[in-house]
Each structure stands twice: as structure tokens, then as C-alpha cells.
Amino acid sequence: MRDVAVIGGGVSGLAAAGALADGGADVVLLEARGRLGGRIHSLHDPAHPLPVELGAEFVDVPGPAFDAIRSMGGAAYRSSGGQWEVADGVARCLDYDDAVVGILRRLDPPPERDQPFRAWLRDCCPDVEPHVHALIERYVEGFHASDVDRVGVHWLARTIKGSGGGGGLVRWHPLGGFDLAVRGLAARLAGRCEMRLAGAVHTVEWRRGHAEIRVRSRFGAELEPVAARRVLVTVPLGVLQAKEGSQGAIAFSPSLDGKREIVSQLEMGHVVKVILRFREAFWDEVLEWRGDDEGARERKFFMTMEDVPAWWTPSPVGAPVLTAWAGGGAADRFLARGGDPAAQALDALAKMLGVPPARVQAEVVDWRRHDWHHDPFARGAYTWVPAGALPAQQALAEPVDATLFFAGEATATDGWNGTVDGAIRSGYRAAKEILETLS
């Protein structure tokens, strides 16, 4: 009989397991994948000039994720500004503060009534030209992986105020890979916590003060069950929403009908992210740069009205790499078309640069992507909150009968859900709650 079983080896579960071990608890951590880190997934390929971040990429400085990176001797590099609006081979310097941030600041203080963002934007900003409306909607859709016709302005007001997850005019990239944060959190557990990988929890049978957790291998074989006095569930919202019996889903007995109702009110946003490596950064020569007479401005983010609405470079690091990003509604439209994601991204890039597709195809060397949408242990990218559903976040985080506890980015109620820091903080919060009941 363990004190605590932590389900999920992402940063939330790792942070919680470390805090629980610090508090003297006997902890076992159960992870379905054969690796730790969850939606942090860094590839280290000698052919790539930088680590390939298939999941989370931007780190908040200062913050607990950066602290974990530094504990492993890691660092981060900074970028600032560098937004461009690009169409048909012309890149126009985008005053991000005026075009986007200035409008979103009207959500501080938040309006009295919660409503979908697009409706609020139409009501609050009739003086803003339609092109800027479209640009702001694309930002909210992409950065928050949301549906602008449903995402609530009360939740957006919280997240925008926090500017977590790489938001704002200043961003930081982990130097050496975001998996340094995973390694830093895991290092605290050496010799203090048993970690069982490649075993997916499928059933939690529980009563007050006791739970038996049943686990299967990736090939369906039943593994040794785990008994614990407390259970901490840190799996993503998409997994909590999964139909019982489907891969990755967890059945609770007795069932948690109240929690299922709560998770049904929240949304798991989808993202398509494709990392493309080229022979050279040919877009620097192809694009006509307007508003940068001396070539001193950073060339970081490219915003478009194409199928892939956002792109970024590793700037200020010089490397022939572009990341294609479609979030929320744009990702849903992208996924609905089917086909090869890299081919679709290259077609969108050719339109943005105003060059024949053959030119782009001749320059590309390699591409990488992880399908988080169909990953049974993620089922999406990160959480967003529809209008009227803000109380559901707090309700999701609340324990059940001092036995079942919940953490993960979806439970971060301070505007930091969808971020690595929010996930880590939620793990610390849940660990404190558990230790109080054990004592």
C-alpha cells in the first residue's frame, strides 16, 4: 500500500511527486508512454542545428520550468518584437502592440458579462477596421488554440494578463531543449520515487482512503496493480474526456459523474505544428521587407491569412528552420482536409512567400511533427475555456472524498492553464493538498 499513486509523468506529475517525496510520502508514478515529459517532447537530432520541439517550446523567465532547466545547467535565449504580416512575398512590419495588444488590453478589467470573444470584439471595437479584427481573431484562435465564436472573454482576460506560455513582446526559448525541464524535475525523484513507464492506467477502483489502480502494457497485457491511499490524476483534459474503453481512457469505480460533467464544459484545443528544416534561410532573400530600411529588426514571427496562419524562426539564433503553426479553428480546418501535413504547410509557405511551390520544395531538407490530436495519451494540445465555463476549472481541481486529487494545466485557475508553468504549479498545489490529508 503506497501513500500516493501519481497518474501521469508529465511535468505536473513529476513536480507533484517531488513535492510529495519531500513531504515524506511513499510515492509511485505511473506513465503510459515509454518516456517522461508528456506534452514536452524534444528531439535531439545531430542533423538539426537546434533541438526539435514537437510540443511546448517557449519557456517563461522567471518561472518554475526555467528553474528546473537551470538545475540541469541549462539556459534560455531571448527574442523581442519581430512580428511581420506577410502576403504574396511582401513582409510588412507589424506594430504588434497597437494592432493586437492594444485591443486585448480592453479586457482589463474584464467586462461584467462573459461572452464569446468574437461577439465581444464586435461590440467593443466597432471603430477597428475589419483587417485588424481578422488579425486579432487569428491571434486568439492560434495562440490559445480556441474557437473565437465560443472562447470566453472572462477566461481570456485572465490569460492575457498573465502572458504566460511565450505570450507578450518578449519570449524565451530553452537553450538545449525543453526536455531539460523534464530531466530537472525527474532528477529530484532519483531513489525517492518508483517510476513505472509504458503502462497505461485503465481503471481506478476506489473508496475513501484506498484505491486499486489497474494498468495495461501497450500490447494489452495486464500489469501488476497498484494500491494507494491517495491518487493524483494529472492526465490531460482530452484523456479525461475520452470515452470509457477507448485507448488511454481511465474508468473510475464508483464513477465520477460530477467530474465528467465538469470536464465536458471545458475544451481541449488542437494544434498543428510542423518544424521544417531548409538548406538555407531563403525567405530572407525572397521576401520584400517593408518597414525595416536598415535590416535591424528581428525577423521572428510571420502572420498570414493563409491556411497556416503563423510561422516563426529561431531568431535571434541563425538557423534555416521555420515552424508552421495552426491552432484552434485553423487547426481544425487543417486537419479536416486530410493529406500530408508537410505538403500542406509547404503549399501555404509558397503562397505566403509568393514563389512557386517547386521553389519551396527544392529548399526543404527535413520536417518533423507529432500528431497530438490523435495521440491517445494527450488527445489535443492544451485547454481553453468557453464563455460561462470559468467555474468549471476550479471545480475540476477540487479533490473527491479526500482520496482522488487532480492536477495538470487544465486545473491551473490563475490564467496559466495551457502553459508548462501552470502545469508545474498545479502539481505543487495538489501535492500540498494531499500531504495535508495524509498528516
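One can find the structure itself at the top, above this paragraph.
Residues numbered from 1 in each chain as written. Predicted model: local features only at pLDDT ≥ 70, side-chain atom pairs only at ≥ 80, totals over all residues. Heavy atoms only, no water.

A. Molecular detail of helix α9 (residues 257-265). Listed as buried for α9 are Lys259, Ile262 and Val263. Buried positions in α9, seen along its axis, are confined to an arc of 95° and lie on one side of it. Elements that come into contact with the buried residues of α9 comprise α8 (237-240), α14 (390-397) and β22 (404-406). (Buried < 20%, exposed > 50% of the residue type's maximum accessible area, 1.4 Å probe, protein only. Helix = DSSP H or I, 4+ residues; strand = E, 2+ residues; numbered from the N terminus. Arc of directions from axis to C-beta. Contact = heavy atoms within 4.5 Å.)

B. Just the sheet that holds strand β19 (residues 321-327), in detail. Strands sit in the order β16-β7-β6-β17-β18-β19-β15-β20 across an open sheet of eight strands; the sheet is mixed. Since the sheet does not close on itself, it has two edges, and those belong to β16 (288-290) and β20 (364-368), each with one partner. In this sheet, adjacent strand axes meet at a mean angle of 25° when their direction is disregarded. Sheet analysis places strand β15 (residues 271-278) next to β19, joined by seven bridges and oriented antiparallel. Directly across from valine 274, in β19, lies its bridge partner alanine 324. Sitting on the sheet, helix α5 (residues 130-143) is in contact with β6 (83-87), β17 (301-303) and β19, with an inclination near 95° to β19. Contacts from helix α12 (residues 341-353) reach β6, β15, β17, β18 (310-312), β19 and β20 within the one sheet, and its direction differs from that of β15 by about 70°. (Pairing = 2+ DSSP bridges. Axes fitted to C-alpha atoms, helices over the stretch in contact; angles between N-to-C directions.)

C. Region of the structure containing the packing of helix α1 (residues 11-22) against helix α7 (residues 179-187). The N-to-C vectors of α1 and α7 enclose an angle of 25°; their axes lie 8 Å apart at closest approach. Overall, the two elements α1 and α7 adopt an arrangement that is roughly parallel. The handedness of the crossing between α1 and α7 comes out as left-handed. Contact residues: α1 offers Val11, Leu14 and Ala15, while α7 offers Val182, Leu185 and Ala186. (Parallel < 35°, antiparallel > 145°, perpendicular 65-115°, else oblique. Left-handed = near helix turned anticlockwise from the far one by under 90°.)

D. Geometry of the nonpolar core. Membership of the largest hydrophobic core comes to 70 residues, with the highest contact counts inside it found for Phe117, Val204, Ile213 and Leu404. By residue number, the principal contributor to this core is helix α3 (residues 96-104), which donates six residues. Contacts of valine 204, omitting those with residues within four sequence positions, involve Ile7, Ala211, Glu212, Ile213, Ile250, Ala251, Phe252, Ser253 and Leu404. One finds Ala19, Ala68, Leu180 and Ala431 within the second-largest nonpolar core, a separate group that totals 37 residues. (Core = buried A, V, L, I, M, F, W, Y, C linked by side-chain atoms within 4.5 Å.)

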